Amino acid sequence: MSSDAAAIPAAESGRLAVGIDIGGTSTRAGVVDEQGQILDKVRTQTPATASALETCLDRAVGELRERWPIEAVGLAIAGFLTPDRQTVRFSPHLPWREAAVAADLTERIGLPVFLEHDANAAAVAELHYGAAARGHNTLVLAIGTGIGAGLLLDGELYRGSFGVAPELGHLRLVPEGRPCACGKFGCWERYCSGTALVDHVVELVADGAGGGSALAREIGEDPGSLTGRRVAAAAQDGDPLAVAAFAEFARWLGLGLAMIGDIFDPDLVVLAGGLGAASSLFLDEAREHYRAMLTGAGHRKTARIRSTQLGEAAGVIGAADVARRELRAAPGG
Ligand SMILES: [Zn+2]
């Protein structure tokens, strides 16, 4: 584990909680204070089995606990939780299935452990400490490998009737479109994500684009090497193929946001995740598409679309924030 301690005395920080963002490949844990500042952090690979993952989480908290007076732990999880948020029902990238994670880890770690969907955790963090602070009805869209969405209606998380809303990344925008890991075809995130950027590049090359593109030459040499990050870096350098891939991305982002805009009429959209932090590459174009594709375009007020203020730390900060608030709401908290 790598660690990074900051020299802020605990007395100035209020109550401390650990937030843990469990990604498919890496797990990040941070000690977060009441101002949303990360005081200390550890990062580790995410193990493949449930027992190894639980050992890893116990160790990460144990390491941070040696240095800080921690009161609670929050886990940000990409997956379906039960409505009481005690059990992980299913997570595509994690080993837990119908696992009573909150109770098991509370007992094992010896601190109260709370669970939250990762996009909801990011939305809560942006609401309390970041770009969603002034929103009334806010959509927080975390765009990375896929799309995670958190919806804040009147400042409260909207969870749906059975605790799994909103799965906006898997709205089917293209009938018979690209296959998705969820089992469906044509999902929004297959056209608007880091993975989708790679697919846009490959399709553009297949259609004969790519003349004068360094990216096209790289793909010709090693087709499997392309990543969303590489496409973003090439677009920053003005590579025409990468710029064209981002134009496609912006079109699909605007189209999806317009559909969601017609349902929820939000006043604010916050773009988070790895690509949200790189929004200078597509934000203006996506805004134009969004405004043009809304029903009654030109005759209604439209949501502001902003980039994240917390970047990829939002999951850690939000998970800790959820844990601290749940602890305070509990009897005797
Ligand atoms: Zn899908």
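Residues numbered from 1 in each chain as written. Predicted model: local features only at pLDDT ≥ 70, side-chain atom pairs only at ≥ 80, totals over all residues. Heavy atoms only, no water.

1. Notes on the packing of helix α7 (residues 240-264) against helix α9 (residues 283-293)
Next up, step 1: Look at α7 against α9: their axes get within 7 Å of each other, and the N-to-C directions meet at 40°. As judged from the angle between their axes, α7 and α9 are oblique. By crossing handedness, the relation of α7 to α9 is classed as right-handed. Across the interface between the two elements, A247, A250, R251, L253, G254, L255, L257, A258 and G261 from α7 touch E285, A286, H289, Y290 and M293 from α9.
Next up, step 2: Residue composition of the contact of α7 with α9, grouped by class: nine nonpolar, three polar and two charged. (Axes fitted to C-alpha atoms, helices over the stretch in contact; angles between N-to-C directions. Helix = DSSP H or I, 4+ residues; strand = E, 2+ residues; numbered from the N terminus. Parallel < 35°, antiparallel > 145°, perpendicular 65-115°, else oblique. Left-handed = near helix turned anticlockwise from the far one by under 90°. Contact = heavy atoms within 4.5 Å. Nonpolar A, V, L, I, M, F, W, Y, C, P; charged D, E, K, R; others polar.)

2. Here's the deal with the coordination of the zinc ion
When a metal carries six donors in an octahedron, the ideal angles between them are 90 or 180 degrees, while four donors in a tetrahedron ideally lie at 109.5 degrees.
Next up, step 1: Looking at the zinc ion, one finds its protein donor set to be H170 (ND1), C180 (SG), C182 (SG) and C187 (SG), positioned 2.0 to 2.3 Å from the metal centre.
Next up, step 2: One can describe the site at the zinc ion as tetrahedral: its four donor atoms subtend angles covering 106 to 118° at the metal.
Next up, step 3: For the zinc ion, the single-chain donor residues occur in sequence as H-x9-C-x1-C-x4-C. Of the two residues, H170 sits in the loop between β12 (156-157) and α4 (194-206) while C180 sits in the loop between β12 and α4, which places them 10 residues apart along the sequence. The pair formed by H170 and C180 is uniform in burial state, with each residue classed as buried. (Donors = N, O, S within 2.8 Å, 3.2 Å for Na, K, Ca; no water. Tetrahedral: all angles 85-135°; square planar, octahedral: opposite > 155°, others 65-115°. Buried < 20%, exposed > 50% of the residue type's maximum accessible area, 1.4 Å probe, protein only.)

3. A closer look at the pairing of strand β3 (residues 26-32)
Next up, step 1: Of all seven residues that make up β3, five are buried, and the element is covered over most of its length.
Next up, step 2: Note: strand β2 (residues 16-22) against β3, six bridges, orientation antiparallel. Each bridged residue has a counterpart across the sheet, and for I22 the counterpart in β3 is T27.
Next up, step 3: Hairpin connection between β2 and β3: a loop of three residues separates the two successive antiparallel strands.
Next up, step 4: One ladder, built from seven bridges, connects β3 with strand β4 (residues 38-45); its direction is antiparallel. From the neighbouring strand, A29 faces β4, where its bridge partner is V42. (Pairing = 2+ DSSP bridges.)

4. Focus: the domain arrangement of the chain
Next up, step 1: Entries for the chain in the domain assignment read domain 1 (2-122 + 313-329) and domain 2 (134-308).
Next up, step 2: Contact residues are listed per partner, giving eight residues for domain 1 and nine residues for domain 2.
Next up, step 3: Across the domain 1/domain 2 interface, buried area totals approximately 830 Å², and carbon plus sulfur atoms make up 56% of it.
Next up, step 4: Three residues stand out in domain 1 for area buried against domain 2, namely F80, A119 and N120, and they jointly supply 52% of the buried area on that side.
Next up, step 5: Here domain 1 and domain 2 share one salt bridge between them.
Next up, step 6: The salt bridge partner of E116 is R159, with a shortest N-O separation of 2.8 Å.
Next up, step 7: On the surface where domain 1 and domain 2 come into contact, there are one residue pair in polar contact (both at pLDDT 80 or more).
Next up, step 8: Those elements that provide at least two residues to the side of domain 1 that touches domain 2 are β6 (80-81), β9 (113-117) and α3 (118-129).
Next up, step 9: Residue composition of the side of domain 1 that touches domain 2, by class: four nonpolar, two polar and two charged. (Domains from an automatic or database assignment. Buried area = accessible area lost by both parts, 1.4 Å probe. Salt bridge = Lys/Arg side-chain N within 4 Å of Asp/Glu carboxyl O. Polar contact = N/O pair within 3.5 Å; in protein donor to acceptor, adjacent residues only side chain to side chain.)

5. Some remarks on the packing of aromatic side chains
Next up, step 1: Taken as a whole and assessed by the stated rule, the structure comprises four aromatic pairs.
Next up, step 2: When the ring of F249 is compared with that of F282, the centres are 4.7 Å apart and the planes differ by 65°; the resulting orientation is edge-to-face. Of this pair, F249 sits in helix α7 while F282 sits in the loop between α8 (273-276) and α9, and the two are 33 residues apart along the sequence. F282 shares its class with F249; the two are buried.
Next up, step 3: One aromatic cluster is present, formed by F246, F249 and F282 through successive ring pairs. (Phe/Tyr/Trp six-rings, centres within 6.5 Å; stacked < 30°, edge-to-face > 60°.)

6. Quick word on the side chain of S193
Next up, step 1: In this structure, S193 sits in the loop between β12 and α4.
Next up, step 2: Of the residues examined, S193 reaches a relative accessible area of 0% and is grouped as buried.
Next up, step 3: Only 2.7 Å separates the side chain of S193 from the backbone oxygen of E189, close enough to count as a polar contact.
Next up, step 4: Within the structure, the side chain of S193 is placed 3.0 Å from the backbone nitrogen of A196, a separation counted as a polar contact.
Next up, step 5: When near neighbours in sequence (up to four residues on either side) are disregarded, S193 contacts I143, G144, T145, G146, F249 and L275.

7. Observations concerning the packing of helix α1 (residues 50-65) against helix α2 (residues 101-109)
Next up, step 1: It is at 10 Å that the axes of α1 and α2 come closest, and there the two elements cross at 45°. In terms of their interaxial angle, α1 and α2 are classed as oblique. Here α1 runs over α2; the crossing is right-handed. For the pair α1 and α2, contact is made by S51, E54, T55, L57, D58, V61 and R65 and by L105, R108 and I109, respectively.

8. Some thoughts on the sheet that holds β6
One key point about sheets: their strands pair by backbone hydrogen bonds, in either a parallel or an antiparallel sense.
Next up, step 1: If you trace the three strands from one edge of the open sheet to the other, you get β6-β7-β8, paired in antiparallel fashion. Each end of this open sheet is capped by a strand with a single partner; those strands are β6 and β8 (97-99).
Next up, step 2: Summarising the sheet, strand β7 (residues 88-90) and β8 pair through two bridges and their orientation is antiparallel. If you follow V88 over to β8, its bridge partner there is A99.

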